[in-house]
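# Reading the structure
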Amino acid sequence: MSFKGKVVIVTGAGQGIGRGVAEAYANRGACVVVAERNEQTGNAVAESIQGMGGQASYIRCDVREEEDIQRLILESERLYGRIDILINNAGVSRFKSPDELTVEEWDDVLNTNVRSVFLASREVAKVMKRQPEGGAIVNISSTRSLMSEPNSEAYAASKGAIVSLSHALAVSYGENHIRVNCVSPGWIETGDYSALRDLDHRQHPAGRVGTPEDIARACMYFTDPDNSFVTGAHLVVDGGMTRKMIYEE
Ligand SMILES: NC(=O)c1ccc[n+]([C@@H]2O[C@H](COP(=O)([O-])OP(=O)(O)OC[C@H]3O[C@@H](n4cnc5c(N)ncnc54)[C@H](O)[C@@H]3O)[C@@H](O)[C@H]2O)c1
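All of these numbers come straight from a predicted model, not from anything done at the bench. (Residues numbered from 1 in each chain as written. Predicted model: local features only at pLDDT ≥ 70, side-chain atom pairs only at ≥ 80, totals over all residues. Heavy atoms only, no water.)

## Brief notes about the overall build of the protein chain
Looking only at helices and strands, the protein chain has 7 helices and 7 strands in total. In the protein chain, the succession of helices and strands from N to C terminus is β-α-β-α-β-α-β-α-β-α-β-α-α-β. For a compact globule of 249 residues, the expected C-alpha radius of gyration is about 18 Å, and the protein chain comes in at 18 Å, within 12% of that figure. Reported as C-alpha extents along the three principal axes, the dimensions of the protein chain are approximately 60 × 40 × 40 Å. Going through the 249 residues of the protein chain one by one, you find that 49% of them count as buried. When contacts within the protein chain are restricted to residue pairs at least 6 apart in sequence, long-range pairs at least 24 apart make up 68% of them. Of the accessible surface of the protein chain, which amounts to about 12300 Å², a share of 49% is contributed by carbon and sulfur atoms. (Helix = DSSP H or I, 4+ residues; strand = E, 2+ residues; numbered from the N terminus. Rg over C-alpha atoms; globule rule 2.2 N^0.38 Å. Buried < 20%, exposed > 50% of the residue type's maximum accessible area, 1.4 Å probe, protein only. Contact = heavy atoms within 4.5 Å. Areas by Shrake-Rupley, 256 points an atom, 1.4 Å probe, with all protein chains shown as cover.)

Structural data, given as structure tokens:
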């Protein structure tokens, strides 16, 4: 897959999955905008891509702020003249009993994870609508949109909302040739992969824990112009974990 000449924005690309996704597109010829609230990690990722011969820019953006998102889209278009792909990846989790979760904490998780997807998609669509080829958006949800551990209410609600927001946007923007799809990662190790236990890998039907590259490949599938018939889809990338029936003995 080549993304030569494509302009790709990845939110939350300062580390983890977002960084992996940004690097994967850059390795395939894209101009990548690293959108991140942490200036240090955001700059470091853009510089590292440039150091490897790729094209990347860092734009500071706190996805909770409407003005930051508007500036991100304006600045990206000013820099590269177009925007082909948006990966809405930035997210936070907060695990706390629902009895103790405050309204401020709830709002922070929902605004970071899901209101940002609405705002960034709305703003980027203004640019993509002017492009005859349209564009493609991928929203990163989670398998926690489908199943839960205790004390994950705000995160689960935000990730479930991303799944339904994605198909709603796909339908609204279909006539503008803007495709919108959703990826739900399972366990994606963004730290020291070698520190994982055999048990961690074996509990996955696929036999291993996931990596950011697994999510990057799903994003590239959805945003490849050849896959123009794929929109409104939700792809679970979890090594089969959510398909595994568990009986406790
Ligand atoms: N790692 C996993 O196992 C996993 C599983 C399912 C879903 N996800 C989802 O994938 C996405 C990335 O996860 P990750 O594990 O790489 O997380 P991470 O915490 O390692 O990285 C998240 C990045 O987003 C940035 N960010 C947070 N709030 C932001 C804001 N308000 N504005 C701009 N940037 C902000 C952080 O600074 C960080 O660079 C998240 O949406 C997460 O919910 C991850």
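So that's the structure; there's more coming.
## Here we look at the site of the ligand
Around the ligand, the structure places 26 residues, and the nearest of them are Gln15, Ile17, Glu36, Asn89 and Tyr155. One of the side-chain N or O atoms of Glu36 is found 2.6 Å from an oxygen atom in the ligand. Between the ligand and the protein, one listed contact pairs an oxygen atom with a backbone N or O atom of Asn89 at 2.7 Å. About the coverage of the ligand: the protein hides 85% of its 830 Å² of free accessible area. One can see that the ligand is located within the largest pocket. Here the residues of the shell around the ligand sort into 10 nonpolar, 11 polar and 5 charged. (Near = heavy atom within 4 Å. Polar contact = N/O pair within 3.5 Å; in protein donor to acceptor, adjacent residues only side chain to side chain. 1 Å grid on protein atoms, 1.4 Å probe; cavity = no way out; pocket = protein on both sides within 12 Å on 5 of 7 lines; lining within 4 Å. Sits in = over half its atoms within 2 Å of the grid points. Nonpolar A, V, L, I, M, F, W, Y, C, P; charged D, E, K, R; others polar.)

## Some details on the nonpolar core
In terms of nonpolar packing, the biggest core is built from 34 residues, with Ile9, Leu72, Ile73, Ile83, Val124, Ile137 and Ile178 touching the most fellow members. Sorting the residues of this core by element identifies β2 (31-36), α3 (66-80), α4 (103-128), α5 (153-172) and β6 (178-185) as the ones contributing at least two each. The element best represented in this core is α4, accounting for 10 residues. Leave out the neighbours within four places in its chain, and Val124 touches Ile73, Ile83, Leu86 and Ile137. Formed by 32 residues, the second largest nonpolar core is a distinct cluster that contains Val10, Ile87, Val183 and Met220. (Core = buried A, V, L, I, M, F, W, Y, C linked by side-chain atoms within 4.5 Å.)

## Notes on unusual backbone geometry
Here the phi dihedral of Asn151 falls at roughly 65 degrees; this positive angle occurs in a residue that is not glycine. Relative to the helices and strands, Asn151 resides in the loop between β5 (135-140) and α5. What makes Asn151 partly exposed here is its relative accessible area of 30%. The backbone of His177 sits at a positive phi, close to 60 degrees, despite the residue not being glycine. As for its position among the elements, His177 is in the loop between α5 and β6. Using a relative accessible area of 52% as the deciding quantity, one classes His177 as exposed.

## Thoughts on the pairing of strand β4 (residues 85-88)
Burial along β4 is two-sided: Ile85 and Ile87 facing one way and Leu86 and Asn88 facing the other are all buried. Two elements, strand β1 (residues 7-11) and β4, share 3 bridges in a ladder whose sense is parallel. Bridge assignment links Val8 to a residue of β4, and that residue is Ile85. Each parallel crossover has a hand, and the one from β4 via α4 to β5 is right-handed. (Pairing = 2+ DSSP bridges. Right-handed = clockwise from strand over helix to strand, strands pointing away.)

## With respect to the environment of Glu175
Structurally, Glu175 is set in the loop between α5 and β6. Under the relative-accessibility criterion, Glu175 is labelled exposed at 69%. C-alpha of Glu175 to C-alpha of Gly134: the two residues are 41 residues apart in sequence and 9.4 Å apart in space.

## Quick look at the packing of helix α1 (residues 16-27) against helix α2 (residues 39-51)
If you want to describe how two helices pack, look at the angle between their axes and the distance between the axes. Look at α1 against α2: their axes get within 11 Å of each other, and the N-to-C directions meet at 25 degrees. For the element pair α1 / α2, the angle class is roughly parallel. Considering the relative orientation of α1 and α2, their crossing is right-handed. Of α2, the residues touching α1 (which contributes Arg19, Ala22, Glu23 and Ala26) are Val45, Ser48 and Ile49. (Axes fitted to C-alpha atoms, helices over the stretch in contact; angles between N-to-C directions. Parallel < 35°, antiparallel > 145°, perpendicular 65-115°, else oblique. Left-handed = near helix turned anticlockwise from the far one by under 90°.)

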